[in-house]
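# Topology and contacts: notes
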Amino acid sequence: MASAAAVASVLRKRWRRYALRTAAGACFAVMLLPIFFVCWLSFFKNEILSFPPEGYTLRWFTALWLQPQFADGFLTSLEVAVLAMLGGLAVGVPASLALVRSELPLREALNTLLLSPLVVPGIVIGTSLYFFLIDVELATDLPLTGSMVGLVFGHVLVTIPWTVRLIAVNLHGIDRAIEEAAMNLGADRLRTLLKVTLPVIRPGVVAAALFSFVVSFGNLELSLFLVSPGETTLPIAILQYLEWKIDPTIAAVSLIQIAIIAAAMAATNRFVRLSQVV
Amino acid sequence: MSPVSSVRLQSVSKSYGDHRAVVDFSLEVAQGEFLVLLGPSGCGKTTTLRMIAGFVEPSAGRILFGDRDVTDLPPYRRNTGLVFQGYALFPHLTVFENVAFGLRMRRLEREVVERRTQEALRLVRLDGFGERMPRQLSGGQQQRVALARALAIEPEILLLDEPLSNLDAKLREEVRVEIRQLQRRLGLTTVMVTHDQSEALSVADRLVVMSGGEIQQIGTQRELYNAPANQFVASFIGRTNFFAGAMTEPRRFRTESGLEISVAAAAARERLLAIRPERVRLGSANGAANSFAGTVEFVSYLGATTEYVIRLASGDAIAVEAHNDRADGLEPLAVGSQIRVAWDADACQLIS
């Protein structure tokens, strides 16, 4: 009897372990399969996608050079993403300091407000920003619609939830006594911030920068409304291409984009362990 | 070394809403004195220390270093050296840079920073550790870095916030001796906060016992132990036996349980009698003014001493501490043995 119970217990444990592994495997598959297929597709020889491939080629990559909208889009996206990243940090660092360190009466409300761009659908933000910028332009005569300023402004908006969240979490984790120690040793508030607080939360800041970059770089919905006529970001260039043709060119573009972002993450990870922050 | 200051707190209070953390606290710490604020957690001792350091603004009262009123100065203009409970070392800086931090904030010349940092590290016997990062050090070493960092700025006042509480028992004793020797050698005015009475007794020149935000008693170890101002101090400093009752005639105290106890003092109003366990003897009265029969209820052999709890015929339990220092001393008594306990009239402390 006892041995039957023991066998049942072992079986139950084993069953649990298999169940866990299967679930984990399924999750990874769901996340990674699309990326895998995109990479695979980009080497297919046939112009019209079909399985199995007729053969493999690199011509979709070489063909990219002949289509300037991708290179232009890439450069624009890069420029916007870098500016949005800087803008996101410029807002995110002080905002998280205020959220975590001060005793603002409306802290919770402010926190929710700063996270709201995550909740509102991008297309809605895009539309409303577009109308807002038109109104501001009409009122002030500043050329905002269809300008780089407007585009970057919109992108900064969607990076804010990421920067605030990541930096605030990091700030929560550090011992307040460290800042008090700096003040006790003669550092005023500014020098405490520059010499102690910011260096200590560097992992959070770096992670925030990376995420803002990625979020901005891949953004389509806002850019659709905010780009200037004749200019495209990479996601817009891809969308426009897809309206006419579905061939592995898009997969090739995506593969390059994935490679760049992966490289950025790997580089960042050397600097700070992302898994510790995020 | 820059001149060390005395510290004066004049009727300092701190309230958080309705909660009164520190109430009407007045105290003078002399130059070079080692003063310990002692009390259970929540007694206001840490708040008091933080007011001296400048992190907590008093609701009322003034704080003076020497003759200088620092009440309204921010922490970074006070020149105190604070050693934090968790050390609060800068994790991103080397040991050397941690210790040099305060000197760099004072914009001293490079050579001066270099020299004084090395001196401070030598003082805590950590020379050669300058290039390490704090996380590479043991708890005791981190503690010494924190101390060196506080000393390097040549503070007017050294503040220690439970500096030993994160160390294991053995190290704790070593470090407290070390801190005490350094403090003496440098002649530093020092205020330390602790909840550990043995730690407090071993280092202090003078102690302040606090409870509920108020000073219960200020005095030397001897004064607190032998003449506690109230029941709180008597029970907080060392262990003691209490008997509630009243004086029935001069030099005679009658407990509520009916014991008649001869006391040395003639005071009349006190309602509480305290007798330290080590003043109670086991066995014959041997000329003692008080002697009662009882039964051994609990025995705890501790090496140098044996602790007993004796249940007296009156129903009172009395703790007795016997020194195991005589060849003719008693074998540890068995639970249930009948025994007499005795103590002198002057062993009795009357407490209001």
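The residue numbers shown here count from 1 along each chain, following its written sequence. Chain A is the first chain written and ligand 1 is the first ligand written, with later ones labelled in order. At least 70 in pLDDT is required for a residue's local features to be given in this predicted model, at least 80 for side-chain atom pairs to be given and counted, and no such filter applies to totals for whole chains, interfaces and linings, which use all residues.

## Examining the interface of chain B and chain A
Applied cut-off: By the convention adopted here, residues are in contact when the distance between their C-beta atoms, placed from the backbone, does not exceed 7 Å. Only DSSP runs of H or I with at least four residues qualify as helices, and only runs of E with at least two residues qualify as strands; both kinds are numbered from the N terminus onward. All amino acids are sorted into three groups, where Ala, Val, Leu, Ile, Met, Phe, Trp, Tyr, Cys and Pro are nonpolar, Asp, Glu, Lys and Arg are charged, and the leftover types, Gly among them, are polar.
With 18 residues of chain B in contact, the opposing surface of chain A contributes 16 residues. Element by element, the count of residues in the side of chain B that touches chain A is highest for helix H2 (residues 95–105) of chain B, at three residues. Split into classes, the residues belonging to the side of chain B that touches chain A amount to twelve nonpolar, four polar and two charged.

## A short note on the pairing of strand E17 (residues 305–312) of chain B
All names here are of chain B. Quick note on the threshold: Any two strands between which DSSP finds at least two bridges are classified as paired.
Examined bridge by bridge, strand E16 (residues 290–301) and E17 share seven bridges and lie antiparallel to one another. Bridged to Tyr301 within E17 is Thr306. Turn length for the E16-E17 hairpin, with the two strands adjacent in sequence and antiparallel, is three residues, and the turn residue Gly303 shows positive phi of about 90°. Pairing between E17 and strand E18 (residues 317–323): seven bridges, direction antiparallel. Looking across to E18, one finds that Ile310 is bridged to Ile318. Counting the residues between successive antiparallel strands, the hairpin from E17 to E18 contains four residues, one of them, Gly315, with a positive phi of roughly 100°.

## Some points on the nonpolar core
Side chains of nonpolar character tend, in soluble globular proteins, to be buried together. What counts is decided by this rule: In this description, a nonpolar core means buried residues of the types Ala, Val, Leu, Ile, Met, Phe, Trp, Tyr and Cys, linked to one another by C-beta atoms lying within 7 Å. Three exposure classes are used, all based on how many other C-beta atoms lie within 10 Å of a residue's own C-beta (placed from the backbone): buried at 20 or more, exposed at 12 or fewer, and partly exposed between those limits.
Core analysis: the biggest nonpolar cluster contains 114 residues, and Ala208(A), Val36(B), Val99(B), Ala148(B), Leu159(B), Val191(B) and Val209(B) have the highest contact counts within it. Of all the elements, helix H6 (residues 148–173) of chain A adds the most residues to this core, at ten residues. Once you skip the residues sitting within four places of it in the chain, Ala148(B) turns out to touch Val99(B), Ala120(B), Leu121(B), Leu123(B), Val124(B) and Leu126(B). Counting 17 residues, the second-largest nonpolar core is a separate cluster that includes Ile261(B), Val341(B), Ala347(B) and Cys348(B).

## A look at the pairing of strand E4 (residues 60–65) of chain B
All names here are of chain B. Note that strand E1 (residues 7–16) and E4 share five bridges and pair antiparallel. Across the sheet, the residue bridging to Ser13 is Ala60, located in E4. What sits between E4 and strand E5 (residues 68–69) in their antiparallel hairpin is a turn of two residues, with Gly66 showing a positive phi close to 60°.

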